[in-house]
Amino acid sequence: MVKYKKVYLIYDTEENAFVSINNKCGWTKAGNAKSAWSVQNTWRPDHKTLNEQSRYVIKEINVETL
């Protein structure tokens, strides 16, 4: 079993809520969260990467902050 101290979530700053992609809302690496975002949104004509827009951001949840 692998134990993680951090998880990364995609946060919608306008709706004040976390985003779920395919019923998953947490990733063990920030890059995996960004990749999930890109795969989910490539069909949009106005597609922007997570870094190119400001509404959605990556939030790091650390076990020490719980």
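Refer to the preceding data block for the structure.
Calculation notes
Residues numbered from 1 in each chain as written. Predicted model: local features only at pLDDT ≥ 70, side-chain atom pairs only at ≥ 80, totals over all residues. Heavy atoms only, no water. Core = buried A, V, L, I, M, F, W, Y, C linked by side-chain atoms within 4.5 Å. Buried < 20%, exposed > 50% of the residue type's maximum accessible area, 1.4 Å probe, protein only. Helix = DSSP H or I, 4+ residues; strand = E, 2+ residues; numbered from the N terminus. Contact = heavy atoms within 4.5 Å. Expected span 1.5 Å × (residues − 1). Arc of directions from axis to C-beta. Pairing = 2+ DSSP bridges.

Re the nonpolar core
Here's step 1: In this structure, Ile10, Val19, Ile21, Trp27, Ala33, Ala36, Trp37, Leu50 and Tyr56 together form the largest nonpolar core, which totals 9 residues.
Here's step 2: With 3 residues, the single largest contributor to this core is helix α1 (residues 30–41).
Here's step 3: Beyond its immediate chain neighbours, meaning those up to four positions away, Tyr56 contacts Ile10, Tyr11, Asp12, Val19, Trp37 and Leu50.

Some remarks on unusual backbone geometry
Here's step 1: In this structure, Asn16 is a non-glycine residue whose phi angle is positive, near 55°.
Here's step 2: With respect to the element layout, Asn16 can be found in the loop between β1 (6–12) and β2 (17–18).
Here's step 3: At Asn22, a position not held by glycine, the phi torsion is positive, near 55°.
Here's step 4: For Asn22, the location among the structural elements is in the loop between β2 and α1.
Here's step 5: Under the relative-accessibility criterion, Asn22 is labelled exposed at 69%.

Comments concerning α1
Here's step 1: Relative to the 16 Å expected for 12 residues at 1.5 Å per residue, α1 spans 17 Å between its end C-alpha atoms, a close match to the ideal helical length.
Here's step 2: Among all positions of α1, only Ala33, Ala36, Trp37 and Asn41 are buried. Considered in projection along α1, the buried side chains sweep an arc of 115° and stay on one side of the axis.
Here's step 3: In this structure, the buried residues of α1 make contact with β1 and β3 (56–62).

What to know about the sheet that holds β2
Picture the strands of a sheet paired through backbone hydrogen bonds; they go either parallel or antiparallel.
Here's step 1: Read across the sheet, 3 strands follow the order β2-β1-β3 without closing on themselves; strand pairing throughout is antiparallel. Edge positions in the sheet fall to β2 and β3, since each has one partner strand and no second.
Here's step 2: Where β1 lies against β2, 2 bridges are found, and the strand directions are antiparallel. Within the sheet, the bridge partner assigned to Asp12 lies in β2 and is Ala17.

Bear in mind that shape data such as this cannot, by itself, settle questions of function.
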